[in-house]
Amino acid sequence: RAGLADARAGAADEAQRARPDALREEADEMLAVFGALLDVTLTEASAGDRAGFARVDLLALAHEVAELYEAVAQERGVEIAVAGESVAILGGARLLTRLRANLVDNAVKFSPAGGRVEISLARRGAEAAMSVRDHGPGLPEGFSEKAFELFARAPQAAATPGHGLGLTLARAIAVRHGLKIRLENAAPGLRAGVSGPAEG
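Scope of this entry: the structure provided in the associated data block. (Residues numbered from 1 in each chain as written. Predicted model: local features only at pLDDT ≥ 70, side-chain atom pairs only at ≥ 80, totals over all residues. Heavy atoms only, no water.)

### Brief notes about the sheet that holds strand β7 (residues 190-197)
Then, number 1: An order of β2-β4-β5-β7-β6 is seen for the five strands of this open sheet, with the pairing classed as mixed. Each having just a single partner strand, β2 (79-84) and β6 (180-185) make up the two edges of the open sheet. On average, each strand axis in the sheet is tilted by 15° relative to the strand beside it, whichever way the strands run.
Then, number 2: Looking at chain direction, strand β4 (residues 116-124) and strand β5 (residues 127-133) are connected through seven bridges and run antiparallel. By the bridge assignment for β5, Ser-120 is matched with Ser-131.
Then, number 3: Here helix α3 (residues 58-75) sits on the sheet and contacts β2, β4 and β5; the angle it forms with β2, its principal contact strand, is near 170°.
Then, number 4: Its contacts with the sheet put helix α4 (residues 93-109) on β2, β4, β5 and β7, and the angle it makes with β5 is roughly 30°. (Pairing = 2+ DSSP bridges. Helix = DSSP H or I, 4+ residues; strand = E, 2+ residues; numbered from the N terminus. Axes fitted to C-alpha atoms, helices over the stretch in contact; angles between N-to-C directions. Contact = heavy atoms within 4.5 Å.)

Okay, structure coming up:
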């Protein structure tokens, strides 16, 4: 990447600068993929390790993630709505934010213009439940488990940017926290649900 930057700096004209620019974009994309793979590996290796965990309010976290994606959603004509009660689990706030962000990112990407992404929180007895639902195409029959595998992408996602790593990392984070994660068609759309023991 550094070499490409040097090549661009030494280019005589815009035509000569175009190729290093394109290659540098490819290098950045590869670095992002390797970074995501490293995140998955490190998170999987830490499964069951609760060091540094604290009480995390999932409703507050949901509002933070919704605010983070608000501008992107508005560009696509998609509304993000948060509903439910305040419920907490024991976990790492950064990791749980990443999990929720990956689910919301997918929901926004696959929502049609004018669509709606619904983030829901609930407490069911001793269990905390959170879900993200879109109104997009959903998943092909039998693909809900395969979607968590490395680089897995549904056929209808071919034209959508991504590498098929977001759900893999989401599952790794869920496993690290002892949470269950599942995908189910919501007719229309997809619902991603995460559940586990509530705290307090």
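### Focus on the packing of α3 against α4
Then, number 1: Contact geometry for α3 and α4: axes closest at 10 Å, N-to-C directions at 40°. As the angle between them shows, α3 and α4 are arranged oblique. Judged by the sense of rotation from one axis to the other, the crossing of α3 with α4 is right-handed. Residue-level inspection shows Leu-61, Ala-62, Val-65, Tyr-69, Val-72 and Ala-73 of α3 in contact with α4, the latter providing Ala-93, Leu-96, Thr-97, Arg-100, Ala-101, Val-104, Asp-105 and Val-108. (Parallel < 35°, antiparallel > 145°, perpendicular 65-115°, else oblique. Left-handed = near helix turned anticlockwise from the far one by under 90°.)

### A few points about the nonpolar core
Then, number 1: Counting residues in hydrophobic clusters, the biggest one holds 45 residues, and the most contacted among them are Leu-58, Ile-80, Leu-103, Val-104, Ile-119, Leu-121 and Leu-183.
Then, number 2: Elements that contribute at least two residues to this core include exactly α3, α4, β4, β5, α5 (166-176), β6 and β7.
Then, number 3: If we skip the residues at most four places from it in the chain, Leu-58 touches Val-87, Ala-88, Ile-89, Leu-121, Ala-128 and Met-130. (Core = buried A, V, L, I, M, F, W, Y, C linked by side-chain atoms within 4.5 Å. Buried < 20%, exposed > 50% of the residue type's maximum accessible area, 1.4 Å probe, protein only.)

### Concerning the pattern of salt bridges
Then, number 1: In total, this model carries six salt bridges according to the counting rule given.
Then, number 2: For Arg-116, the salt bridge is made with Glu-118, and the minimal N-O distance between the two is 3.4 Å.
Then, number 3: Note on Arg-116: relative accessible area 33%, which makes it partly exposed.
Then, number 4: For the salt bridge of Lys-146 with Glu-149, the shortest nitrogen-to-oxygen distance reads 3.6 Å.
Then, number 5: Judged by its relative accessible area of 39%, Glu-149 is partly exposed. (Salt bridge = Lys/Arg side-chain N within 4 Å of Asp/Glu carboxyl O.)

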